[in-house]
Amino acid sequence: MASINLIEAFADFKEAENIDRPTMMKVVEDVFKTLLRKKYGSDENFDVIVNAEKGDLEIMRRRTIVEDGTVMDPLAEIAYSDAIKIEPDYEIGEDLYEEVNILDFGRRAILAAKQTLASRISDLKKNVLVKKYGDRIGEIISAEVYQVWKKEILLLDEEGNELILPKSEQIPQDYFKKGENIRAVVKKVELKNNSPVIILSRTSPSFLAKLLEIEVPEIFDGLIVIKKIVREPGERAKVAVESYDDRIDPVGACVGMKGSRIHGIVRELKNENIDVINWTNNVQLLIQRSLTPAKITTMELDNDKKQANVYLKPDQVSLAIGKKGVNIKLAQELTGFSIDVYRDTEGEPQEFDIDLEEFSDEIETWIIDELKRVGCDTARSVLDLTAEELERRTDLERETINDVRRILNEEFEKG
């Protein structure tokens, strides 16, 4: 019996261990029943017997023995005289089973069957992969770096499946080498050119959420709930948590004794600062907590416009805004409020100062808006910061900053 080198096709089956045996058998059976229908017009009286372990297959033809001259359906019946040529002991009314030589189908038909089989196996593997990772979206997995490219990294999981970590999903400080094991969260599964592409992420808030779940048993057990996470990957993250057990301090539980629980996560995220705060439905309190580590003096809220004007001591303004404005940006994302920061100088010796708007004829509006964005709404608040500090915090060029400082200084020199 010719097995038409099906060993290779079955080897593909063995590699795809996640494909269950009944599915495998059904696919092979379907392919060869199609072959039978093309040759005989029907597959009703044929049995396809598959042995996936040995990598071979048999096709048995079943016909009923009838009296000579009474054959009505040659596919289902065989004349007695023809039957005894195969086996002399046959009698009328018995079923005759005869093995079909696959080579009888012809070389071209066999080749087409092998190609169809390989294609069906490939599709099954893809479907298994899509289901496997589709069910794991939002989970952390560990994979090995196989190739590092400019725009993405190719990783292999424990079964050798290819995974992609795009540059946009990497923390800016990430640096990986071939052979290194890295952790990331499964972000999505896409189909490109009919092939599954598994996209991983290390910048997604869900990556931080899962790391916290691993490190903090109370989160895993559901005693503490993460209400919201906002991140500027590699720079800062804010995590709002709430406890369902009055005896548990959610912030303390997440940080751990002397920061023991949070330290490992900070290292994994390349020293990303993580502010863990208590969630509250009190908007004013939530805004106050979200601006950590800055301490607020007073606040004006407009709930309809979702606008908050926050007043702080001069030495707290830079803390509220943060490096490159990250702290205030995250606070706005966490609370859903637009937050404007103002210097509260009440109770301090008043220096002569001028609102930046007064310089609108000399300084362009967009520059004034950029300075106000980082809490500099008066001339002195700009001059109190060095040119280096202004350049670091704003999107302004050094030359523009120097021009602004010159204009402001000239105004005070006039006075």
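How each quantity is defined
- Residues numbered from 1 in each chain as written.
- Predicted model: local features only at pLDDT ≥ 70, side-chain atom pairs only at ≥ 80, totals over all residues.
- Heavy atoms only, no water.
- Helix = DSSP H or I, 4+ residues; strand = E, 2+ residues; numbered from the N terminus.
- Buried < 20%, exposed > 50% of the residue type's maximum accessible area, 1.4 Å probe, protein only.
- Core = buried A, V, L, I, M, F, W, Y, C linked by side-chain atoms within 4.5 Å.
- Contact = heavy atoms within 4.5 Å.
- Axes fitted to C-alpha atoms, helices over the stretch in contact; angles between N-to-C directions.
- Parallel < 35°, antiparallel > 145°, perpendicular 65-115°, else oblique.
- Nonpolar A, V, L, I, M, F, W, Y, C, P; charged D, E, K, R; others polar.
- Left-handed = near helix turned anticlockwise from the far one by under 90°.
- Salt bridge = Lys/Arg side-chain N within 4 Å of Asp/Glu carboxyl O.

Let's shift gears to unusual backbone geometry. Between T292 and the following residue, P293, the backbone shows a cis peptide bond with an omega angle of 10 degrees. Mapped onto the fold, P293 is located in the loop between α9 (283-290) and β13 (296-302). Although it is not a glycine, K258 adopts a positive phi angle of roughly 55 degrees. Here K258 is to be found in the loop between α7 (250-255) and α8 (260-268). Take K258: its relative accessible area is 80%, and that puts it in the exposed class. A positive phi angle, near 55 degrees, is found at K324, a position not held by glycine. When you line up the elements, K324 lands in the loop between α10 (314-321) and α11 (326-335). Exposure remark for K324: the relative accessible area of 49% places this residue in the partly exposed category.

Our focus in this paragraph is the nonpolar core. Here is a general trend for soluble globular proteins: nonpolar side chains tend to be buried in one another's company. Ranked by size, the top nonpolar core spans 37 residues in total, and within it L291, I339, L371 and L408 carry the most contacts. Excluding anything up to four places from it in sequence, I339 contacts I287, L291, A308, V310, I328, A331 and Q332. By size, the runner-up hydrophobic cluster in this structure holds 23 residues, among which are V216, I248, C254 and L269.

Time to look at the packing of α10 against α11. Orientation of α10 relative to α11, taken along the N-to-C sense of each, is 65 degrees, at an axis distance of 5 Å. Taken together, the axis directions place α10 and α11 in an arrangement best described as roughly perpendicular. Contacts from L319, A320 and I321 in α10 reach V326, N327 and I328 in α11. The residue inventory of the contact of α10 with α11, partitioned by class, reads five nonpolar, one polar and no charged.

Here we come to the packing of α9 against α11. Their axes nearest at 9 Å, the elements α9 and α11 cross at an angle of 150 degrees. The angle between α9 and α11 places the two elements in the roughly antiparallel class. The way α9 lies across α11 gives a crossing that is right-handed. The segment α9 lies against α11, with L286, I287 and S290 engaging A331, L334 and T335. A class-by-class count of the residues in the contact of α9 with α11 yields four nonpolar, two polar and no charged.

With that out of the way, let us pick up the pattern of salt bridges. Summed over all chains, the structure comprises 29 salt bridges. Here E370 ties to R373 by a salt bridge, and the two come within 2.9 Å at their closest N and O atoms. Linking E370 with R373, this pair stays in helix α12 (residues 365-373), spanning three residues, or about one helical turn. The class for E370 is buried, based on a relative accessible area of 12%.

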